[in-house]
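Structural overview
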Amino acid sequence: MSYILAIDQGTTSSRAILFDAAGEVQAVAQREFEQIFPKAGWVEHKPLEIWTSQISVVTEVLGKAGQSAKDIAAIGITNQRETTIVWDRDTGEPVYNAIVWQDRRTAGFCDELKQRGAGDRIRSKTGLVIDAYFSGSKVRWILDNVAGARGRAERGKLAFGTVDAWLLWNLTNGKVHATDPSNASRTMLYNIHTGDWDDELLELLGVPRSMMPEVRASSGDFGAVESELGPVGAPIGGVAGDQQAALFGQACLKPGMAKNTYGTGCFLLQNTGESAAESRNQLLTTVAWKIGSRTEYALEGSVFIAGAVVQWLRDGLGIIKNSSDVEALAASVPDNGGVFFVPAFAGLGSPHWDPYARGAIIGLTRGSTAGHLARAALEGIAYQVADVLDAMQADSGISLSELRVDGGASLNAKLMQFQADILGVPVVRSAVSETTALGAAYLAGLAVGYWRGAGDIESQWGVGARFEPRMPESESRALRGRWKMALERSKRWETA
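Below you will find a few notes about this structure. (Residues numbered from 1 in each chain as written. Predicted model: local features only at pLDDT ≥ 70, side-chain atom pairs only at ≥ 80, totals over all residues. Heavy atoms only, no water.)

We now examine the nonpolar core. Counting residues in each nonpolar core, the largest one holds 132 residues, and the members touching the most others are Leu113, Met211 and Tyr262. Counting residues per element, this core draws most heavily on helix 12 (residues 370-396), at 14 residues. Those residues within four positions of Met211 in sequence are excluded, and the remaining contacts are Val86, Arg89, Val139, Leu143, Ala153, Leu158, Ala159, Phe160 and His177. By size, the runner-up hydrophobic cluster in this structure holds 36 residues, among which are Ala16, Ala27, Ala29 and Ala165. (Core = buried A, V, L, I, M, F, W, Y, C linked by side-chain atoms within 4.5 Å. Buried < 20%, exposed > 50% of the residue type's maximum accessible area, 1.4 Å probe, protein only. Helix = DSSP H or I, 4+ residues; strand = E, 2+ residues; numbered from the N terminus. Contact = heavy atoms within 4.5 Å.)

This is the structure we're talking about:
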């Protein structure tokens, strides 16, 4: 019996999961790695720690399941997307730490691009707004701030990649420098209509084309493992950014279907089929995946801080010992006590796009407790998702009949119930919570014939839990009105 190995490289941990032909989890291994904050608004990872933590959990998960390379039909890779790594082509050594998608150091340069009138050009080619979130300005920063880096890049000595490309490079011992369209479309350097790196944008951001990885279909041939640290010989058949992989894993394969993933951030995606729908409400148009010659697209709303606010309650404030404790603490009070928490630690994403916003807790009184703070933190996640969904429905003209959800915080029943109450539509958690990894597994399995097609995938999706809205609409409307007041107080704080 053979299995599909999913490599799930996230923002705070590296994971490896084995799936069987029924799409069921056979074994899981996970390891957290260091988060580096050199300055306010800066977030970095060590690229070699990303690699070593990832390959260690691959070894661990195979050991847990008692399997070896010969038992792996294919490997699928899914990853934190916009995080940027630059390395030496000859030595494989990174020239600088990975600059994480949450990092805001290039906000000033992005402001310059906006002032130069580049916004419409970038949106029309990439589907993105100009923001420090995306990879392009991060690559430029590395080239301009690491001694000798720009000269080496111009001589063809340096390679750029998002995390998927970095893992592929290491897994194949430098034989494959590639990515897929879902990751490429998050760089601000890729033309989503032509399906290639855009020379005008490369010049605008000062990034040599020689640094860029080859863009291959999301389901296809990415070479085989050659690193002796991994399952040598196992074919790599699928690559997709984490949010697009989750959309695929949730079987949102028809236009109009949508999912929200509750991870470090929150990411709401709606399948728009072969149409790259242009947003009028500050959402992103992104490539969902490419299978064969068919490219499909999605509308996306990105919330930068979701589960990360719970980590902050644990690590920053110390009011909970484990992240899972937040549900009980939030349930210790009957309501939020008038407290609203805007978790804009890394600015605001869709539909606000304010890199200068900062976290705000509004409405504190002497009666406020840790329970109120925990409840307000969870509610702040749900309000942000509701703001994105409003924009998405305005763009698409489609009113959702349900929202499919996944990710770690989707296991929090209190949050999911509040999310349904605020949205006014059912929230449906899939039976398999590992939908991001499952999406990567499906893409890899399709490439090698492990699964035959979309029908196999759709037949495996099932309901794990369903949350029906229970709150009166008048109450929901009043709460969202107060939330918007709190939101306004957090905006552009950095420059106040």
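Still to come is the rest of the account.
Pairing is mixed in the open sheet, where five strands are placed in the order 3-2-1-5-13. Strands with a single pairing partner mark the edges of an open sheet, and in this sheet they are strand 3 (25-32) and strand 13 (236-241). Neighbour-to-neighbour, the strand axes of the sheet open up by a mean angle of 15°, direction not taken into account. Against the sheet, helix 9 (residues 242-249) contacts strand 5 (72-79) and strand 13, and its axis sits at roughly 110° relative to strand 13. (Pairing = 2+ DSSP bridges. Axes fitted to C-alpha atoms, helices over the stretch in contact; angles between N-to-C directions.)

Our focus in this paragraph is the packing of aromatic side chains. What the rule picks out here adds up to 22 aromatic pairs. A ring pair is formed by Phe134 and Trp353, whose centres lie 6.2 Å apart and whose planes are at 40°; its orientation type is tilted. Taken together, the residues Phe134 in the loop between helix 3 (119-126) and helix 4 (135-145) and Trp353 in the loop between strand 18 (340-342) and strand 19 (360-362) connect sequence positions 219 residues apart. Look at Phe134 and you get buried, because its relative accessible area is 0%. Overall, the relative accessible area of 8% leaves Trp353 in the buried class. (Phe/Tyr/Trp six-rings, centres within 6.5 Å; stacked < 30°, edge-to-face > 60°.)

Here helix 10 (residues 307-317) crosses helix 12 at 155°, and the two axes come no closer than 8 Å. By the angle class used here, helix 10 and helix 12 are roughly antiparallel. Contacts between helix 10 and helix 12 involve Gly307, Val309, Val310, Leu313 and Leu317 from the first element and Leu373, Ala374, Ala377, Leu378 and Ile381 from the second. (Parallel < 35°, antiparallel > 145°, perpendicular 65-115°, else oblique.)

Attention now goes to the sheet that holds strand 21 (residues 427-430). One key point about sheets: their strands pair by backbone hydrogen bonds, in either a parallel or an antiparallel sense. Taken together, the seven strands give an open sheet; going across it, the order is 16-17-15-14-20-21-22, and neighbouring strands pair in mixed fashion. Each edge of the sheet is formed by a strand with only one pairing partner; in this case those strands are strand 16 (284-291) and strand 22 (463-467). The mean angle between the axes of side-by-side strands here comes to 30°, regardless of whether they run parallel or antiparallel. Both strand 14 (residues 258-262) and strand 15 (residues 266-273) contribute to a ladder of five bridges, which runs antiparallel. Within strand 15, the position partnered with Ala258 by the bridge is Gln270. Docked against the sheet, helix 9 engages strand 14, strand 15, strand 16, strand 17 (294-303) and strand 20 (403-406), running at close to 60° with respect to strand 16. Along the sheet face, helix 12 touches strand 14, strand 15, strand 17 and strand 20 and points at about 20° away from the line of strand 15.

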